Amino acid sequence: MKILRDLKDYPGQLTGVEKIKYNSNYLRGTINESLVDEITGSISEEDAQVSKFHGIYQQTDRALTKERKRQKLEPYFMFMVRVRVPGGIVSSSQWLEMDRLSDLYGNNTLKLTTRQAFQFHGILKRNLKKQIQIINESLLDTIAACGDVNRNVMCSPNPNQSGIHGEVDRIAKEVSKHLTPATKAYHELWLENKLVAGGAVTENEEPLYGKFYLPRKFKIAFAIPPYNDTDIFTNDIGLIAIEKNGRLAGFNIAVGGGLGNTFGEQQTYPRLGDNIGFCEPDQVIHLIEKIVEIQRDHGDRENRKVARMKYTIDRKGLDWFKKEIEQKSGVALKPPRPYEFRHNSDNYRWAEDREGRWHYTVFVENGRVTDTGVVRMKSFLQEAARMDISDFRLTGNQNVILGNILPSDKGKLERLMKKYRVDKTELSGLRLNSLACVALNSCPLAFAEAETYLPSLIDKIDEITRKLGIHQDHITIRMTGCPNGCARPYNAEIAFVGRAPGIYNLYLGGNREGTRLNRLYKEMLKEEEILTELEKILGDYATNNANSHAFGDFVWEKNYVNPDIPLNI
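Throughout what follows, the structure given in this document is the object of discussion.

Rules behind the numbers
- Every chain's residues receive numbers from 1 upward, in the order its sequence appears when written.
- Whole-chain, interface and lining totals are the exception, using all residues; otherwise, since this is a predicted model, local features are given only for residues with pLDDT of at least 70 and side-chain atom pairs are given and counted only at 80 or more.
- Hydrogens and water are ignored here; the side-chain numbers use all heavy atoms of the structure.
- In DSSP terms, a helix is any run of H or I states spanning at least four residues, a strand is any run of E spanning at least two, and both are numbered starting from the N terminus.
- Atoms considered for the radius of gyration are the C-alpha atoms alone. The globule rule reads 2.2 Å times the number of residues to the power 0.38.
- Contacts are assigned to residue pairs that have any heavy atoms within 4.5 Å of one another.
- Burial classes follow relative accessibility: with a 1.4 Å probe on protein chains only, a residue under 20% of its type's maximum area counts as buried, one over 50% as exposed, and anything between as partly exposed.
- Note on pairing: DSSP must find at least two bridges between two strands before they are called paired.
- Axis lines are fitted through C-alpha atoms, for helices just across the contact stretch, and the angle between N-to-C directions can take any value from 0 to 180 degrees.
- What we call a nonpolar core is a set of buried Ala, Val, Leu, Ile, Met, Phe, Trp, Tyr and Cys residues that are connected through their side-chain atoms within 4.5 Å.
- Only Phe, Tyr and Trp rings are paired, with Trp represented by its six-membered ring, and only when their centres lie within 6.5 Å; those with planes under 30 degrees apart are stacked, over 60 edge-to-face, the remainder tilted.
- Criterion for a charge above a ring: Lys NZ or Arg CZ within 6 Å of the ring centre, and within 35 degrees of the ring normal.

**Remarks on the overall build of the chain**
- The number of helices and strands found in the chain is 17 helices and 20 strands.
- Since a compact globule built from 569 residues should have a radius of gyration of about 25 Å, the 23 Å found for the chain is in line with a globular shape.
- Projected onto its principal axes, the C-alpha positions of the chain cover 70 × 55 × 55 Å.
- Taking the contacts inside the chain whose residues are at least 6 apart along the sequence as the reference set, 69% of them involve residues at least 24 apart.

Below you can see the structure in the form of structure tokens.
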């Protein structure tokens, strides 16, 4: 199949979103007209689709829906704006600017995502353009943070993990730049750059994506063993750095990861990527481009629910997919090289790199940077940024690493942590390994709470683990408000996926390395039922774990879940 150039080129029935993309004039749509329409706080449905490519999601405050409807008012429209941070590293000044914007136009908080990005919530339509202009002035952007294109490229952000970190980070940024949409729409719409004289858009404006872009979102991550802190197997493409004699030898390539699915539709399911071979560093960008092209040309454009690359691979076959990559690229992939992953969590400790600089991982519960009565995280990170003695490294686990710190400045940050009570010594291993998506009340896809509920649920589970003497055991626990999997629940040791307000499916049996999917344990549980089930299993784990397995491995070994159960029922 050739790249789609026109609606008539596709033999089947394209989805409405495909037609919107095609008719958007390379992501321009009628966004300008929607922005100046003062009658409504929303933008048109078509522009809401197009705006995703610019890093913008239209949302409503669902808690106000009934009351506003009673008053015959439209829903309270607001926008989420996501900022790309390829590799996850920003400067102190960039952090301060993001923090300032969260107060200026947002809801006074920053959200650190599971893809090393920033999210602003509660942005009103009239402030969108100002918001994005200030983001751009800080040398960051929002283009391709959402939409049917390659999203934010992830990379292990902690250089103490390996001497090759800097090189891998450089390659990740090059991949991000290479796959960024070429359209000038972003600059025209948000930065007030005008089309040049005679400004007709040509077919060459998107040499990689074309007018239809990709069938669905596309995700890429790099990991540096022994840490899988970017959960690479949950990505469309995962690249595992292979070190030899202290140098970067190349990468193992895994393809076909993705966690989103739809309840009750067995044609949709979570999937982890497959290792298909090894490549050298200078082959990476070329190979990734060809993989993107294969998905562009063969991905399903008639049913968005099965349009991710994982379904393309399963439909066409992994052998076919690998052969297609080699034919299109002219590169014969070598057999994958050995490596070892120890875990997919963050390391909560001071760590010194090979140049004598220090790095400290700050736990940010569920990635929400805010001040509470106990932990003044927003104020702490704001003051740390004003000291300008570190950079800020967003992790794939919703935390931030204060990095690149001189030995003489280490004590300054330690005193600051005490002042703002952000020390993690009293927190449980369960809490330190928790993730949650935003969910209710702003996400339009959510059936239940996640970020606002998981901390209180962990409080109750902590009572159980403390009583059993396993309070410090590091167990990954994740919660989402729907089955789309934004907080990567399906490879966690314990996971909750929302079915309705206060009701969740319970999944068990992922492993700490991020290399095994869990399985459904029980459906439609309320909190009391969740705690009853977990107390029973955690008690067994605390008493009968003779082989000292991690919790997920213990659950798997004791057959608490059936590995043959369908991944979506």
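**Quick notes on the pairing of strand β2 (residues 77–83)**
- Burial of β2 is extensive: seven of the seven residues sit out of reach of the surface.
- Side chains Phe77, Phe79, Val81 and Val83 of β2 all project onto a buried face; the interleaved residues Met78, Met80 and Arg82 project onto the opposite face, where all are buried too.
- One ladder, built from five bridges, connects strand β1 (residues 56–60) with β2; its direction is antiparallel. From the neighbouring strand, Ile56 faces β2, where its bridge partner is Val81.
- Judged from the four bridges that link them, β2 and strand β5 (residues 118–123) form a sheet pairing that is antiparallel. Looking across to β5, one finds that Phe79 is bridged to Ile123.

**Some thoughts on unusual backbone geometry**
- A cis amide bond, omega 15°, links Pro225 with the succeeding residue Pro226.
- With respect to the helices and strands, the residue Pro226 is situated in the loop between β7 (220–223) and β8 (237–244).
- For the bond from Leu440 to Asn441, the omega torsion is 20°, close enough to zero to count as cis.
- If you check the backbone angles, Asp388 has positive phi at about 55° while not being a glycine.

**Digging into the sheet that holds strand β17 (residues 477–480)**
- The five strands are arranged β16-β17-β18-β19-β20 in an open sheet whose pairing can be described as mixed. Either end of the sheet is taken by a strand with one partner, and the two such strands are β16 (434–436) and β20 (519–525). Across the sheet, the axes of successive neighbouring strands diverge by a mean angle of 15°, strand direction being ignored.
- The pairing of β16 with β17 spans three bridges and is parallel.

**Quick look at the side chain of Glu451**
- Its location among the elements puts Glu451 in the loop between β16 and α15 (454–468).
- The residues touching Glu451, leaving out its near neighbours within four places in the chain, are Lys111, Asn366, Arg368, Ala436, Cys437 and Val438.

**Quick notes on the nonpolar core**
- Within the largest apolar cluster, 95 residues are counted, with the highest numbers of intra-cluster contacts made by Trp95 and Phe222.
- Discounting residues that sit within four places of it in the chain, Trp95 has contacts with Val90, Leu110, Leu112, Phe118, Val369, Leu381, Gln382, Ala385, Phe392, Leu394 and Val400.
- Judged by nonpolar contacts, the second largest core, of 37 residues, contains Leu457, Ile458, Ile537 and Phe551.

**Examining the environment of Lys173**
- Residue position: Lys173 is located in helix α7 (residues 165–179).
- Under the relative-accessibility criterion, Lys173 is labelled partly exposed at 33%.
- C-alpha of Lys173 to C-alpha of Ile458: the two residues are 285 residues apart in sequence and 36 Å apart in space.

**Describing the environment of Gly147**
- On the secondary structure map, Gly147 appears in the loop between α6 (128–137) and β6 (154–155).
- When the C-alpha positions of Gly147 and Gly55 are compared, they lie 7.5 Å apart, and in sequence the two are 92 residues distant.
- Beyond its immediate sequence surroundings of up to four residues, Gly147 is in contact with Lys52, Phe53 and Lys217.

**Comments concerning the packing of aromatic side chains**
- Within this structure, the stated rule accounts for 19 aromatic pairs.
- Relative to Phe341, the ring of Phe233 has its centre 6.2 Å away and its plane inclined at 80°; by these criteria the two rings are edge-to-face. Of this pair, Phe233 sits in the loop between β7 and β8 while Phe341 sits in the loop between α11 (318–329) and β11 (350–352), placing them 108 residues apart in sequence. Judged on exposure class, the residue Phe233 and its partner Phe341 are both buried.
- Positioned above the aromatic ring of Trp320, the side-chain terminus of Lys316 is 4.7 Å from the ring centre.

By themselves, these are just geometric observations and shouldn't be taken as functional.
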